[in-house]
Amino acid sequence: MITFDIARTAEQVELDLLGKMANRHALIAGATGTGKTVTLRRMAEAFSAQGVPVFLVDVKGDLSGLVNAGANSGKVGERIQQFGLPENYLRGFPVRFWDVYGETGIPLRVTISDMGPMLLARLMNLNDIQEGLLNVVFRVADDRGWHLIDLKDLRGMLAFVADHAAEFRTQYGNVSAASVGAIQRQLLSLENQGADQLFGEPNLNLQDWLQTEGDNGVINVLNAEKLMRSPQMYSAFLLWMLAQLFQTLPEVGDPEKPKFVMFFDEAHLLFDNASGALLQQIEQVVRLIRSKGVGVYFVTQNPLDLPDTVLGQLGNRVQHALRAFTPRDQKAVKAAAETFRSNPKLNVAEVIGELAVGEALVSFLDEKGMPQPVERAFILPPQSSLTPLTGAERQAVFQGDASTLIIKTLLIISRHLKHCSNYRPMRPSRQRKFRQPRHKPNNSNRLKSPIIRMAVFWIIFWVGCLAIAKKPIKVSSMTSRIRWVSASIPKLPAASLVPSRAVFWVPLAVKNSN
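In this text, all values refer to a predicted model and were calculated from it rather than measured experimentally.

**Description of the overall build of the protein**
Argument step 1. The helix and strand inventory of the protein stands at 16 helices and 14 strands.
Argument step 2. The buried share of the protein, taken over its 514 residues, is 53%.
Argument step 3. Of the contacts made within the protein by residues no fewer than 6 positions apart, 78% connect residues no fewer than 24 positions apart.
Argument step 4. As displayed, the protein has an accessible area near 23,300 Å², and 53% of this comes from carbon and sulfur atoms.

**Points about the packing of helix 4 (residues 128-143) against helix 7 (residues 177-192)**
Argument step 1. Taken N-terminus to C-terminus, the directions of helix 4 and helix 7 make an angle of 90°; their axes are 10 Å apart at the nearest point. By the criterion of interaxial angle, the relationship of helix 4 to helix 7 is roughly perpendicular. Contacts between helix 4 and helix 7 involve Ile-129, Gln-130, Leu-133 and Leu-134 from the first element and Ser-179, Val-180, Ala-182 and Ile-183 from the second.
Argument step 2. Classifying every residue of the contact of helix 4 with helix 7 by side-chain character gives six nonpolar, two polar and no charged.

**Let's talk about the sheet that holds strand 4 (residues 54-58)**
Argument step 1. One open sheet holds the 12 strands; their spatial order is 2-1-14-13-12-3-11-10-4-9-5-6, and the pairing between them is mixed. Because the sheet does not close on itself, it has two edges, and the strands there are strand 2 (14-18) and strand 6 (106-107).
Argument step 2. Examined bridge by bridge, strand 10 (residues 260-265) and strand 11 (residues 294-300) share six bridges and lie parallel to one another. Residue Phe-264 lies in a different strand from strand 11, and its bridge partner there is Phe-298.
Argument step 3. The strands that helix 1 (residues 36-49) touches are strand 1 (3-8), strand 2, strand 3 (26-29), strand 4, strand 9 (219-223), strand 10, strand 11, strand 12 (316-319) and strand 14 (375-379); relative to strand 1, the one it contacts most, it runs at about 150°.

**Concerning helix 5 (residues 151-163)**
Argument step 1. Helix length check: helix 5 (13 residues) gives 18 Å between terminal C-alpha atoms against 18 Å at 1.5 Å per residue, within 8%.
Argument step 2. Looking at the buried side of helix 5, the elements it contacts are helix 3 (112-124), helix 4, helix 6 (165-172) and helix 7.
Argument step 3. The backbone nitrogen of Lys-152 has a side-chain oxygen 3.3 Å away, supplied by the residue at the start of helix 5, namely Asp-150.

**A word on the packing of aromatic side chains**
Argument step 1. Applying the stated criterion across every chain yields a total of 12 aromatic pairs.
Argument step 2. Pairing Phe-168 with Tyr-172 gives two aromatic rings, centres 5.7 Å apart and planes at 70°, and the pair type is edge-to-face. Of this pair, Phe-168 and Tyr-172 both sit in helix 6, four residues apart, which is roughly one turn of that helix.
Argument step 3. Taking the centre distance of 6.2 Å and the plane angle of 50° together, the rings of Phe-271 and Phe-298 count as tilted. Here Phe-298 lies in strand 11 and Phe-271 lies in the loop between strand 10 and helix 9 (276-288), a separation of 27 residues in the sequence. For the residue pair Phe-271 and Phe-298, the accessibility class agrees, reading buried in each case.
Argument step 4. Among the aromatic residues, ring-to-ring pairing joins Phe-4, Phe-47, Phe-263 and Tyr-297 into one connected group.
Argument step 5. A cation sits over an aromatic face here: Lys-226 above Tyr-101, 4.5 Å from the ring centre.

**Some points on the environment of Glu-338**
Argument step 1. The topology assignment puts Glu-338 in helix 11 (residues 327-339).
Argument step 2. Measuring from C-alpha to C-alpha, the distance between Glu-338 and Val-348 comes to 8.3 Å, with 10 residues separating the pair along the chain.

**Section: the packing of helix 4 against helix 6**
Each pair of packed helices can be summarised by the angle the axes make with each other and by the distance between the axes.
Argument step 1. Viewed as axis vectors pointing N to C, helix 4 and helix 6 meet at an angle of 95°, and their least axial separation amounts to 12 Å. Between helix 4 and helix 6, the interaxial angle falls into the category roughly perpendicular. For the pair helix 4 and helix 6, the contacting residues are Val-136, Arg-139, Val-140 and Asp-143 in the first and Phe-168, Gln-171 and Tyr-172 in the second.
Argument step 2. The residue inventory of the contact of helix 4 with helix 6, partitioned by class, reads four nonpolar, one polar and two charged.

**Observations regarding the confidence of the model for the protein**
Argument step 1. Taken as a whole, the protein shows an average pLDDT of 79; of its residues, 79% reach a score of 70 or greater.
Argument step 2. Low pLDDT (under 50) marks residues 417-448, which in the prediction has 55 contacts with non-local residues, meaning those over four places away or in another chain.
Argument step 3. Segment residues 470-514: pLDDT under 50, and 93 contacts once partners within four positions in sequence are set aside and those in other chains are kept.

**Some points on helix 6**
Argument step 1. Three or more residues of helix 6 are buried, namely Ala-165, Phe-168 and Tyr-172. Within helix 6, the buried residues cover an arc of 70° as seen down the axis, which keeps them to one side. Opposite the packed face of helix 6, turned more than 90 degrees from it, sit the exposed residues Ala-166 and Thr-170.
Argument step 2. Those residues of helix 6 hidden inside the fold are in contact with helix 4 and helix 5.
Argument step 3. Just downstream of helix 6, Gly-173 is the residue with a positive phi angle, here 115°.

**Thoughts on the nonpolar core**
Argument step 1. Residues Phe-55, Leu-120, Trp-209, Phe-237, Leu-238, Phe-264 and Phe-298 are the most contacted members of the largest nonpolar core, which totals 84 residues.
Argument step 2. Here this core gets 10 residues from one element, more than from any other, and that element is helix 8 (residues 231-248).
Argument step 3. Excluding its chain neighbours within four sequence positions, the residues that come into contact with Leu-238 are Phe-55, Val-57, Leu-222, Phe-264 and Leu-270.
Argument step 4. Counting 34 residues, the second-largest nonpolar core is a separate cluster that includes Ile-6, Ala-7, Met-43 and Phe-364.

Reading the values: rules and limits
Residues numbered from 1 in each chain as written. Predicted model: local features only at pLDDT ≥ 70, side-chain atom pairs only at ≥ 80, totals over all residues. Heavy atoms only, no water. Helix = DSSP H or I, 4+ residues; strand = E, 2+ residues; numbered from the N terminus. Buried < 20%, exposed > 50% of the residue type's maximum accessible area, 1.4 Å probe, protein only. Contact = heavy atoms within 4.5 Å. Areas by Shrake-Rupley, 256 points an atom, 1.4 Å probe, with all protein chains shown as cover. Axes fitted to C-alpha atoms, helices over the stretch in contact; angles between N-to-C directions. Parallel < 35°, antiparallel > 145°, perpendicular 65-115°, else oblique. Nonpolar A, V, L, I, M, F, W, Y, C, P; charged D, E, K, R; others polar. Pairing = 2+ DSSP bridges. Expected span 1.5 Å × (residues − 1). Polar contact = N/O pair within 3.5 Å; in protein donor to acceptor, adjacent residues only side chain to side chain. Phe/Tyr/Trp six-rings, centres within 6.5 Å; stacked < 30°, edge-to-face > 60°. Lys NZ or Arg CZ within 6 Å of the ring centre and 35° of its normal. pLDDT = per-residue confidence, 0-100. Arc of directions from axis to C-beta. Core = buried A, V, L, I, M, F, W, Y, C linked by side-chain atoms within 4.5 Å.

Below you can see the structure in the form of structure tokens.
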């Protein structure tokens, strides 16, 4: 039976999370500074060591050290000695960094059509009337087979619907010019927050996150330091990802270990200011995604931050210290104590306020799916380094593999062809006739001949290979990372455009990656 070693009591009793119950979701709660992030890190390491891919949100920028082995010193050294852990306990893990803005990790892209009107309405704080109009806009686009890619597409679609309001009124309902103007202003606000970097192509393929390297699951770290400044964009993206996993993954029941585990830090942001329809959708996904083999782990300060219908689905609990300084805090302590299966040896309501840093009340599900009696225990020390990577080290990690270099080359080709032909990529069956070109077409610049297009393609391809051939190469999981876009293409040094062995490198890299 597969188990994940998470915590131990003072009497050296191991508290393991059963693999078959890891997809029953979990709650990690506690006041600031009590050890929630260390618990999240330890759980992610345990899952990765058993070959389970992990996604987690790094809201403070201190999880990048997962790549390196930890140091046997300080509190970590004390815990290693206390529990008699082996010398090879400390180690690093395969990590893939992601960043919506493309500054410290692989850029993320989501198309407007895939995000959908409900999450966009939440993202823009629209009222019911404006949300209704947004639904009309999406319905008109769907009926005409138009795929909305970025914010410019949505703005153009809004203008199209407003211009043909009389035509659509009888079929879809009234189109208010005031509502169109309000949505346009919200789109401008989104662009100022950097949302134009989130929406676009290539669309994120969630299968890229379900990868392993050797016997270890890849830990996908989303850098949310900058993203957290726009909480609505943060929550909308995570909710979209959760819904996409639910729609795309097949039913697997209760496997021996989960197929994928997600950690949502600052989980209360997912539910703040959410409409009733959106809350109902979230609750349904959380309830049913278990059968897809996906475990969702919510990390928050106060259990009362989550709706009761969601809390009822979280069978595994790790409760760090809570401070009862206010009436609301006292209510939270009482509520947290009542959710545990009682243990006659513990007065849970009193113990919650006495827990030290790194200590927690732990209750996992047993083989029958019943919560085990709550135990007071210490979370095992992390195996990886607690020291975050420097900016240069982080860039080296996500820039240093062969798939990164190939993506840069392909993006150069895409941008060049788009510039020469005055053409924005779109799905062939979904032409957007309503959209005006960005500038007046210049027929002399169009590449009309397929032969010329093919020649330009291969010329740019090999020039790109020559440009990047001298960079360090690490071939791993190339095909799984072929869809994302690198933000550093304009920074390629012109001095590197010299003849080299790049002509032989690309086929060799592809062969080795397979």
